[in-house]
Amino acid sequence: MHGMPGSRSGPKPRSMILHLLGIRLICYDRPGYGRSTRHPGRRVVDAALDVQAIADHLELDKFAVVGRSGGGPHALACAASGLFTDRLTRVAVLVSPAPTDAHGLDWYAGMAPSNIQAYREALSDRRRLIESLTIRADRTRRDPASVVSFIDGELSAADRNVVEDVALRRQLTESYAEAVRCGADGWIDDALALSEDWGFDPSSIKVPVRLWHGAEDAFSPVAHTRWLKSQIPHAEFEEQPGVGHFAAMLILPDILAWLATAQPELVDARPGRRV
């Protein structure tokens, strides 16, 4: 589950790493992004139906789900949906926001101004949200690197070190360009869905969940995942000091290995082992 904005082509481990882990990694564009048609009025919970359709089409008996940033709530939707009975083995969520109505959470504390603006517009001024994200999407199509440049002043030193990696920065910009290839619809609908009722209660989740967050995150502050942990008491939670939002891309191989341990026959690719 990609971030906001994002697409199926977002940063991911190299194919050799996936092969060694024995993992088949499936990515898709949420409605309105990339090559996916728009689903007006979609809610976060609706992502579970998309995943169900993909899993059925690919004839997956068992699978796990991971979501990063804006994809985190959509991954939790799969865990809470009840659609998958014994098919969904584990869920991992990296640098996720919490619901905007999270009781006891100072939702905007420590958040970067650009995200504060987008979420406040989603809650109170949809016309302005549509205008501002449409302008940003148009600029991104012309110059994909502009998305990173736009938030450059909000990056922590830790995040700047990550995004200055040439290969990873190229993956990010390519993903952003693909996300808005047909316009800002996916970005707009994500902002609206994340700002409204998600359509499920995180405390209802029974599937094994692992939460991860960098302590220096300014885009989805770590307090959001602390709140999610308080609502999903059985969830594992790792708060990593000295890293920020974009370090979630670096930790992904470890997270994928954890997801795959629910199916031990898939995680050892050495000769003579089952893969």
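Residues numbered from 1 in each chain as written. Predicted model: local features only at pLDDT ≥ 70, side-chain atom pairs only at ≥ 80, totals over all residues. Heavy atoms only, no water.

**Observations concerning the environment of Ser156**
Inference 1: By the element assignment, Ser156 lies in the loop between helix H6 (146–150) and helix H7 (157–163).
Inference 2: Between the alpha carbons of Ser156 and Ala109 there is a distance of 16 Å; along the sequence they are 47 residues apart. (Helix = DSSP H or I, 4+ residues; strand = E, 2+ residues; numbered from the N terminus.)

**Side note on the nonpolar core**
Inference 1: If you look at the biggest cluster of nonpolar residues, it comprises 40 residues, and the most contacted ones within it are Phe63, Leu76, Leu88, Val91 and Phe200.
Inference 2: Broken down by secondary-structure element, the contributors of at least two residues to this core are helix H2 (47–57), strand E1 (63–68), helix H3 (72–81), strand E2 (88–94), helix H4 (113–124), helix H9 (185–195), strand E3 (209–214) and helix H10 (222–231).
Inference 3: If you tally residues by element for this core, the top one is H3, at 6 residues.
Inference 4: Here Val91 is in contact with Val65, Ala75, Ala79, Val207, Pro208, Val209, Arg210, Trp258 and Leu259, once residues within four sequence places are set aside. (Core = buried A, V, L, I, M, F, W, Y, C linked by side-chain atoms within 4.5 Å. Buried < 20%, exposed > 50% of the residue type's maximum accessible area, 1.4 Å probe, protein only. Contact = heavy atoms within 4.5 Å.)

**Things to note about the pattern of salt bridges**
Pairing between side chains of opposite charge can happen when the charged atoms of each approach one another.
Inference 1: Counting across every chain of the model gives 16 salt bridges.
Inference 2: Across the pair Asp29 and Arg8 runs a salt bridge whose closest N-O atoms are separated by 2.6 Å. Within this pair, whereas Asp29 is found in the loop between helix H1 (15–21) and H2, its partner Arg8 is found in the segment before H1, the two being separated by 21 residues in sequence.
Inference 3: Judged by its relative accessible area of 8%, Asp29 falls in the buried class.
Inference 4: Residue Asp152 pairs with Arg160 through a salt bridge whose shortest N-O separation is 3.7 Å. (Salt bridge = Lys/Arg side-chain N within 4 Å of Asp/Glu carboxyl O.)

**Considering the confidence of the model for the protein chain**
Inference 1: Predicted confidence across the protein chain gives a mean pLDDT of 92, with 95% of residues reaching 70 or more.
Inference 2: Contacts from residues 265–275, a stretch scored under 50 in pLDDT, to residues over four places away or in other chains number 16 contacts. (pLDDT = per-residue confidence, 0-100.)

**Focus: helix H8 (residues 166–179)**
Inference 1: Over its 14 residues, H8 runs 20 Å from end to end, which matches the ideal 20 Å to within 8%, given 1.5 Å per residue.
Inference 2: Restricting attention to buried positions, one finds in H8 the residues Leu168, Leu172, Thr173, Ser175, Tyr176, Glu178 and Ala179.
Inference 3: Residues of H8 that are buried in the fold lie against helix H5 (126–142), H6, H7 and helix H11 (248–260).
Inference 4: For H8, the side-chain oxygen to backbone nitrogen distance between the N-cap and Ala167 is 3.3 Å, and the N-cap itself is Asp165. (Expected span 1.5 Å × (residues − 1). Polar contact = N/O pair within 3.5 Å; in protein donor to acceptor, adjacent residues only side chain to side chain.)

**Considerations on the pairing of strand E4 (residues 236–240)**
Inference 1: For E3 and E4, the ladder comprises 5 bridges, and the chain directions are parallel. Looking at the pairing, Gly214 lines up with Gln240 of E4. (Pairing = 2+ DSSP bridges.)

**Considering the packing of aromatic side chains**
Inference 1: Within this structure, the stated rule accounts for 5 aromatic pairs.
Inference 2: Summarising the aromatic geometry, the rings of Phe63 and Phe84 are spaced 5.3 Å apart at their centres and angled 85° between planes, so their arrangement reads as edge-to-face. A residue pair is termed long-range when its members are at least 10 positions apart, and Phe63 in strand E1 and Phe84 in the loop between H3 and E2 qualify at 21 residues. Comparing Phe63 with Phe84 shows no difference in burial state: the two are buried.
Inference 3: Measuring from centroid to centroid gives 5.8 Å for Trp198 and Phe200, while their planes differ by 40°, and the two rings are tilted. One exposure class covers both Trp198 and Phe200, and it is buried.
Inference 4: Taken together, the aromatic side chains of Trp107, Tyr108 and Tyr119 make up a single cluster linked through ring pairs. (Phe/Tyr/Trp six-rings, centres within 6.5 Å; stacked < 30°, edge-to-face > 60°.)

**Things to note about the sheet that holds E2**
Inference 1: Taken in spatial order, the 4 strands make up an open sheet running E1-E2-E3-E4, and their pairing is parallel. Sheet topology places E1 and E4 at the edges, where each strand pairs with a single neighbour. Within the sheet, the average angular offset between the axes of one strand and its neighbour, ignoring direction, is 10°.
Inference 2: Bridging between E1 and E2 involves 5 bridges; their strand directions are parallel. Looking at the pairing, Arg68 lines up with Leu94 of E2. (Axes fitted to C-alpha atoms, helices over the stretch in contact; angles between N-to-C directions.)

**Brief notes about the packing of H4 against H9**
Each pair of packed helices can be summarised by the angle the axes make with each other and by the distance between the axes.
Inference 1: Interhelical geometry of H4 versus H9 gives an angle of 75° and a closest axis separation of 9 Å. Judged by the angle between their axes, H4 and H9 are roughly perpendicular. Contact with H4, carried on its side by Tyr119, Ala122 and Leu123, involves Ala191, Leu192, Leu194 and Ser195 of H9 and no other residues of that element.
Inference 2: When the residues that make up the contact of H4 with H9 are grouped by side-chain class, the tally is 6 nonpolar, 1 polar and no charged. (Parallel < 35°, antiparallel > 145°, perpendicular 65-115°, else oblique. Nonpolar A, V, L, I, M, F, W, Y, C, P; charged D, E, K, R; others polar.)

**Description of H11**
Inference 1: Helix length check: H11, at 13 residues, gives a terminal C-alpha distance of 18 Å against a target of 18 Å (1.5 Å per residue), a fit within 8%.
Inference 2: Most pronounced at Asp254, the bend in H11 amounts to some 35°. (Bend = angle between axes of the 7 residues up to and from the residue.)

**Details of the packing of H2 against H3**
Inference 1: The contact between H2 and H3 brings their axes to 8 Å, and the two run at 80°. As summarised for this structure, H2 and H3 are arranged roughly perpendicular, according to the angle between their axes. Of the residues in H3, those touching H2 at Ala47, Ala48 and Val51 are His74, Ala77, Cys78 and Ser81.
Inference 2: Of the residues in the contact of H2 with H3, the class split is 5 nonpolar, 2 polar and no charged.

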